[in-house]
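Listed below, chain by chain, are the residues.
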Amino acid sequence: MTEDDDGFREFVEARYADLLRVAYLLTGSAYEAEDLLQSALVRAIRGWSRVEDPMAYVRKIMVNQHISLWRRLRRRELVTAMPPDRPVEDVAGLVTQSIALHAALRSLPARTRAVVVLRYVVDMSEVDVAGALGFSVGNVKSHASRGLARLRAVLDPSTSARTELERSRS
């Protein structure tokens, strides 16, 4: 094992849970999150000797892989007359809110979801998110604004209806 590999192992041991949380928020599934993270780590070790910011590097790999997978799967999606079964809501308010939030995140386009997750869940600055995703800062602000507006509309439709009513009165 080389010295670079040792650094990689230490990084994975120290940051695996944080990376898995980001992967889960991107995919919405524990199994898909583990697969996404594992494949990102396999890619990351190939260029490990050139990495300056390991967290940003692995997060960017995960986002890019998730967007690529999303594009491939989107082409295979089959629209049916009957919607798929939905999970039964749990009575616990926190669980219900968590499910609703994850569903709302999944409803966002992949790039917008990546911006929202990195900006507000991982708590990265707009400049850092722009660097990680290869966007301009203005593009990050635009994606974040649209993503938050969409999340508000999905999570609390009465708020968005009131906002539209107030706008129409002005």
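Our structure's up above, just so we're on the same page.
First things first, this report covers the structure right here in the doc.

Criteria and thresholds
- Residues numbered from 1 in each chain as written.
- Predicted model: local features only at pLDDT ≥ 70, side-chain atom pairs only at ≥ 80, totals over all residues.
- Heavy atoms only, no water.
- Core = buried A, V, L, I, M, F, W, Y, C linked by side-chain atoms within 4.5 Å.
- Buried < 20%, exposed > 50% of the residue type's maximum accessible area, 1.4 Å probe, protein only.
- Helix = DSSP H or I, 4+ residues; strand = E, 2+ residues; numbered from the N terminus.
- Contact = heavy atoms within 4.5 Å.
- Expected span 1.5 Å × (residues − 1).
- Arc of directions from axis to C-beta.
- Polar contact = N/O pair within 3.5 Å; in protein donor to acceptor, adjacent residues only side chain to side chain.
- Phe/Tyr/Trp six-rings, centres within 6.5 Å; stacked < 30°, edge-to-face > 60°.
- Lys NZ or Arg CZ within 6 Å of the ring centre and 35° of its normal.

Counting residues in each nonpolar core, the largest one holds 41 residues, and the members touching the most others are Leu19, Val58, Met62 and Leu133. Looking at this core, the elements that each hand over two or more residues are helix 1 (3–27), helix 2 (30–46), helix 3 (54–76), helix 4 (93–107), helix 5 (110–121), helix 6 (126–133) and helix 7 (137–155). Of all the elements, helix 1 adds the most residues to this core, at 8 residues. With sequence-adjacent residues up to four places away left out, Val58 is seen in contact with Phe11, Leu19, Leu37, Ala40, Leu41 and Ala44.

Before going further, it helps to spend a moment on helix 2. With 17 residues, helix 2 should reach 24 Å at 1.5 Å per residue; the first-to-last C-alpha distance of 25 Å fits that figure. Taken together, the buried positions of helix 2 are occupied by Ala33, Leu36, Leu37, Ala40, Leu41 and Ala44. Taken down its axis, helix 2 places every buried residue within 135 degrees of arc, on the same side. Turned more than 90 degrees away from the buried face of helix 2 sit Tyr31, Asp35 and Arg46, all of them exposed. At the N-terminal end of helix 2, a side-chain oxygen is found 3.4 Å from the backbone nitrogen of Tyr31, two or three residues along, and the residue is Ser29.

Time to look at the packing of aromatic side chains. All told, the structure shown has 2 aromatic pairs when counted by the stated rule. Consider the rings of Phe8 and Trp48, whose centres lie 4.9 Å apart with planes at 80 degrees: the pair is edge-to-face. Taken together, the residues Phe8 in helix 1 and Trp48 in the loop between helix 2 and helix 3 connect sequence positions 40 residues apart. Judged by its relative accessible area of 10%, Phe8 is buried. Using a relative accessible area of 12% as the deciding quantity, one classes Trp48 as buried. When the ring of Phe11 is compared with that of Trp48, the centres are 5.3 Å apart and the planes differ by 40 degrees; the resulting orientation is tilted. Taken together, the positions of Phe11 in helix 1 and Trp48 in the loop between helix 2 and helix 3 put the pair 37 residues apart, joining distant regions of the chain. With relative accessibility at 10%, the residue Phe11 sits in the buried group. Each residue in the set Phe8, Phe11 and Trp48 is aromatic and connected to the rest through ring pairs, giving one cluster. Stacked on the ring of Tyr120, the Lys or Arg Arg119 has its end atom at 5.4 Å from the ring centre.

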